[in-house]
Amino acid sequence: MFKYIRNEIETIRKNDPSIKSNLEVFLHPSFKVLISYKIAHYLYLKKHYFLAKYVSEISKRKTGIEIHPGASIGKNLFIDHGFGVVIGETSVIGNNCIIFHEVTLGGRNSKKGKRHPTIEDNVLIGCGAKILGNITVGENSKIGANAVVINDVPKNKTVTGKKAVIKK
């Protein structure tokens, strides 16, 4: 856990130029929610669903960020500001991703099974973006602010718009 905390400190310091010291990182909502997520996810994997959800709910109330304990999150996720971020149960997030405030990684139906997006490595998701359904956003892609994405995004692409279209 100490290695994870040290890594989170480095990730936040690297991505948020307003942070002036390691101590300030402990006040950052991304730090708080990801530490809580790590605990909740562990409980979820051990099938302690109520406790996992309880930890998640407390974190949501403190940070304004909702991460379902069943979501799978890689290394070095950075959630900037974060308020209003929702990450659904079957979401998968790769390594080195950045998510801005009011982003939703949500489902498009209530069926059992995989129903939330897969975000591959090195993806940047702009504020207010909605990525919905069992789709994949390819590595090194960028999702513009307020984009609504309901189809797969190939790697190394940028998408923008209310009905997101591939720009590059």
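So, here's what we can say about the structure. All figures in this text were calculated on a predicted structure; none of them were measured in a lab.

**Details of the nonpolar core**
Counting 37 residues, the largest nonpolar core has Ile-67, Ile-99, Ile-125 and Ile-143 as the members making the most contacts within it. Of all the secondary-structure elements, those providing two or more residues to this core are helix H1 (2–15), helix H3 (29–45), strand S3 (78–79) and strand S6 (98–99). Every residue in contact with Ile-143, bar those within four places of it in the chain, is listed here: Leu-124, Ile-125, Gly-126, Ala-129, Ile-131, Val-137, Val-149, Val-153 and Val-159.

**Some remarks on the layout of surface pockets**
Its volume calculated, the largest pocket comes out at about 230 Å³. What lines the largest pocket is simply Lys-3, Tyr-4, Asn-7, Leu-34, Tyr-37, Lys-38, His-41, Ile-73, Gly-74 and Lys-75. Those elements giving two or more residues to the lining of the largest pocket turn out to be H1 and H3.

**Quick look at the packing of aromatic side chains**
What the rule picks out here adds up to three aromatic pairs. Here Tyr-44 and Tyr-49 contribute two aromatic rings whose centre-to-centre distance is 5.1 Å and whose plane-to-plane angle is 70°, an arrangement assigned as edge-to-face. What makes Tyr-49 partly exposed here is its relative accessible area of 42%. Geometrically, the ring pair formed by Phe-50 and Tyr-54 is stacked, given 6.4 Å between the ring centres and 15° between the ring planes. Taken together, the positions of Phe-50 and Tyr-54, both in helix H4 (residues 49–63) and four residues apart, correspond to about one turn of that helix. Residue class for Phe-50 comes out exposed when judged on its relative accessible area of 66%.

**Describing the side chain of Thr-118**
With respect to the helices and strands, Thr-118 occurs in strand S8 (residues 118–119). With sequence-adjacent residues up to four places away left out, Thr-118 is seen in contact with Val-92, Ile-135, Thr-136 and Val-137.

**Thoughts on empty space enclosed by the protein**
With the rule as written, the count across this model stands at one cavity of 30 Å³ or more. Contributing to the lining of the largest cavity are Val-33, Ser-36, Tyr-37, Ser-56, Ser-59, Ile-65 and Ile-67. Broken down by secondary-structure element, the contributors of at least two residues to the lining of the largest cavity are H3 and H4. Considering each element in turn, the lining of the largest cavity owes the most residues, three residues, to H3. When the residues that make up the lining of the largest cavity are grouped by side-chain class, the tally is four nonpolar, three polar and no charged.

**Focus on the sheet that holds S8**
As summarised here, the arrangement of the four strands in space is S2-S5-S8-S11, forming an open sheet in which the pairing is parallel. Edge positions in the open sheet fall to strand S2 (72–73) and strand S11 (136–137), since each of these has one partner strand only. Where S2 and strand S5 (residues 92–93) come together, two bridges link them in parallel fashion. By the bridge assignment, Ile-73 is partnered in S5 with Ile-93.

**Describing H3**
The end-to-end C-alpha distance of H3, which contains 17 residues, comes to 24 Å, matching closely the 24 Å that a straight helix rising 1.5 Å per residue would cover. Buried within H3 are the following residues: Ser-30, Phe-31, Val-33, Leu-34, Ile-35, Tyr-37, Ala-40, His-41, Leu-43 and Tyr-44. Residues of H3 that are buried in the fold lie against H1, helix H2 (22–25), H4, strand S1 (66–67), S2 and S3. At the C-terminal side of H3, Lys-47 shows a positive phi close to 65°.

Rules used in this analysis
- Residues numbered from 1 in each chain as written.
- Predicted model: local features only at pLDDT ≥ 70, side-chain atom pairs only at ≥ 80, totals over all residues.
- Heavy atoms only, no water.
- Core = buried A, V, L, I, M, F, W, Y, C linked by side-chain atoms within 4.5 Å.
- Buried < 20%, exposed > 50% of the residue type's maximum accessible area, 1.4 Å probe, protein only.
- Helix = DSSP H or I, 4+ residues; strand = E, 2+ residues; numbered from the N terminus.
- Contact = heavy atoms within 4.5 Å.
- 1 Å grid on protein atoms, 1.4 Å probe; cavity = no way out; pocket = protein on both sides within 12 Å on 5 of 7 lines; lining within 4 Å.
- Points joined across faces, edges and corners; volume = space filled by probe spheres on them.
- Phe/Tyr/Trp six-rings, centres within 6.5 Å; stacked < 30°, edge-to-face > 60°.
- Nonpolar A, V, L, I, M, F, W, Y, C, P; charged D, E, K, R; others polar.
- Pairing = 2+ DSSP bridges.
- Expected span 1.5 Å × (residues − 1).

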